[in-house]
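# Examination of the molecular architecture
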Amino acid sequence: DVLVLGQRLSRQDVADWADRYAAASADSQAATAAALDDAGENLTDAADQVDTARSELDRQVGVVLEQLETGESERVSAALLDPAYLAAQAEFDRALDGQIAGLAADLDDTTSAERLNELHSVTIALALFTAAIGAWAIFNRRLRRSRARLAEEHEQRLETEAELFQLQKMEALGMMADGVAHDVKNLTLIISESAKDVRATLPSEHPASLAVGRIEEATRQADDVARALLAFGRKD
């Protein structure tokens, strides 16, 4: 709405967006903490990198939200295309990928260890077989929950990136429409003024008067198209 239609957001709208981002950030922190609890110390470095990257991203998002509150599309565009904001996004993505890779490796290691423990238990005493199967079921449930949580976070991140990319495309389209509209208006002004000059030199019954009239009507229609493009590219 801000970038394409030029509408100013109310403070409540911006507050809602800020609250939604804060909730998503808190969920991400909770997911990182849960992954660290599951994986243990092997994932500490990756989790620290995610927390550091998230802090910088939170700061950059705060800048964007401040510009959204102004309702000025130029300032919003500059904030969304700021290299620092884009770099914070990219760094957070890299940190998340590192965490996912570390968790996957840790889960694979844990899986191997659990299988060896089960085999050892069966070798020592057949009576422990039932308990081992129970432990294996609990581990599998934990594994499925962790993988489902990571998959959901990844899907949410992809959706957010797609929405941001669409906003950036619409902003670029608006800028292009504004430039085209100015060019069209300049051309129609020259044609219209030239047609008026020609009409002023022709007798009222001159055969070319009809053609000049069609030229003037065409320039008026072209001017309407240019105004529509300006309305799309600006705040109308």
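Note that the structure is predicted; figures quoted are calculated from it, not measured. (Residues numbered from 1 in each chain as written. Predicted model: local features only at pLDDT ≥ 70, side-chain atom pairs only at ≥ 80, totals over all residues. Heavy atoms only, no water.)

### Quick notes on the overall build of the protein
Quick reminder of the rule: Secondary structure elements are taken from DSSP: a helix is a run of H or I of four residues or more, a strand is a run of E of two residues or more, and numbering for both begins at the N terminus. Accessibility here uses a 1.4 Å probe with only protein chains present; expressed as a share of the type maximum, an area under 20% marks a residue as buried, one over 50% as exposed, and anything in between as partly exposed. Two residues form a contact once any of their heavy atoms are found within 4.5 Å.
Along the protein, the regular secondary structure elements total six helices and zero strands. Along the protein, helices (α) and strands (β) appear in the sequence α-α-α-α-α-α when read from the amino end. When the 236 residues of the protein are sorted by exposure, 28% land in the buried category. Across the protein, contacts joining residues at least 24 apart in sequence account for 77% of those joining residues at least 6 apart.

### Things to note about helix α2 (residues 44-70)
Worth spelling out the cut-off: To estimate how far a helix should extend, the number of its residues minus one is multiplied by 1.5 Å.
Over its 27 residues, α2 runs 40 Å from end to end, which matches the ideal 39 Å to within 8%, given 1.5 Å per residue. Two residues or fewer past α2, G71 is found with a positive phi of approximately 75°.

### Let's talk about empty space enclosed by the protein
The test is simple: The method works on a 1 Å grid over the protein atoms by themselves. A cavity is a set of points holding a 1.4 Å probe that cannot get out, a pocket is an open set with protein on both sides within 12 Å along at least five of seven lines, and residues with an atom within 4 Å of a point line them. Grid points are joined across faces, edges and corners, and a volume is the space filled by probe spheres set on the points.
Evaluated as defined, the whole model comprises two cavities of 30 Å³ or more. In this structure, the largest cavity encloses a volume near 50 Å³. Lining the largest cavity are L96, Q99, I100, L150, E153, H154 and R157. Of all the secondary-structure elements, those providing two or more residues to the lining of the largest cavity are α4 (83-124) and α5 (129-201). Ranked by residue count, the leading element in the lining of the largest cavity is α5, at four residues.

### Details of the packing of α2 against helix α3 (residues 73-80)
Note the following rule: What counts as an axis is a line fitted to C-alpha atoms, over the stretch in contact for a helix, and the angles between N-to-C directions run from 0 to 180 degrees. Orientation labels follow simple angle bins: below 35 degrees gives roughly parallel, above 145 gives roughly antiparallel, 65 to 115 gives roughly perpendicular, and whatever is left gives oblique. Two helices crossing with the near one rotated counterclockwise from the far one by less than a right angle form a left-handed crossing, whereas a clockwise rotation gives a right-handed crossing. In this count, Pro and Cys sit with the nonpolar residues alongside Ala, Val, Leu, Ile, Met, Phe, Trp and Tyr, while Asp, Glu, Lys and Arg are called charged and the others, Gly among them, polar.
Viewed as axis vectors pointing N to C, α2 and α3 meet at an angle of 165°, and their least axial separation amounts to 8 Å. Accordingly, the angle class assigned to the pair α2 and α3 is roughly antiparallel. At the point where α2 passes α3, the crossing takes the left-handed sense. Taking contact as the criterion, the partners of V64, Q67, L68 and T70 in α2 are, on α3, R75, V76, A79 and L80. Broken down by class, the residue content of the contact of α2 with α3 amounts to five nonpolar, two polar and one charged.

### Description of a nonpolar patch on the surface
Short version of the rule: Within the patch definition used here, like charges are joined within 9 Å and nonpolar side chains (Val, Leu, Ile, Met, Phe, Trp, Tyr) within 5 Å, considering only residues with over 30% relative accessible area and no salt bridge. We get accessible surface area from the Shrake-Rupley algorithm with a probe of 1.4 Å; when it comes to residues, only the shown protein chains can shield them. One speaks of a salt bridge when a side-chain nitrogen belonging to Lys or Arg is within 4 Å of a carboxyl oxygen belonging to Asp or Glu.
Taken together, L173, M176 and V180 make up a surface patch of nonpolar side chains, about 260 Å² in accessible area. We classify L173 as partly exposed; its relative accessible area is 35%.

### Focus: the nonpolar core
Filter applied, for reference: Residues belong to a common nonpolar core when they are buried Ala, Val, Leu, Ile, Met, Phe, Trp, Tyr or Cys residues joined through side-chain atoms within 4.5 Å.
Core analysis: the largest hydrophobic core is formed by 16 residues, its most contacted members being L57, V64, L80, Y85 and F92. When residues of this core are traced back to their parent elements, those giving at least two are α2, α3 and α4. Among the elements that take part in this core, α2 stands out by supplying seven residues, more than any other. Ignoring sequence-local partners within four residues, the contact set of L57 consists of Y21, Y85, A88, Q89 and F92.

### Concerning the pattern of salt bridges
Per the counting criterion, the structure on display carries 12 salt bridges. One salt bridge in this structure joins E161 and R157, with 3.7 Å as the shortest N-O distance. Of this pair, E161 and R157 both sit in helix α5, separated by four residues, roughly a single helical turn. When its relative accessible area of 31% is taken as the criterion, E161 is described as partly exposed. On the accessibility criterion, R157 (13% relative accessible area) is buried.

### Let's talk about the confidence of the model for the protein
Operational definition: One confidence number per residue, pLDDT, is output by the predictor and ranges from 0 to 100.
Looking at the protein, the pLDDT average stands at 79 and 78% of residues meet or exceed 70. Across the protein, helix α6 (residues 208-233) holds the top mean pLDDT of 87, while α4 sits lowest at 74.

### Some words on the environment of A78
Looking at where A78 falls in the secondary structure, it is placed in helix α3. Residue A78 is classed as partly exposed on the basis of its relative accessible area, which comes to 49%. Along the backbone, A78 and Q67 are 11 residues apart, and their C-alpha atoms lie at a distance of 8.9 Å.

### What about the environment of D27?
Among the secondary structure elements, D27 is positioned in helix α1 (residues 11-39). Residues D27 and E153 lie 126 residues apart in sequence; the distance between their C-alpha atoms is 9.2 Å.

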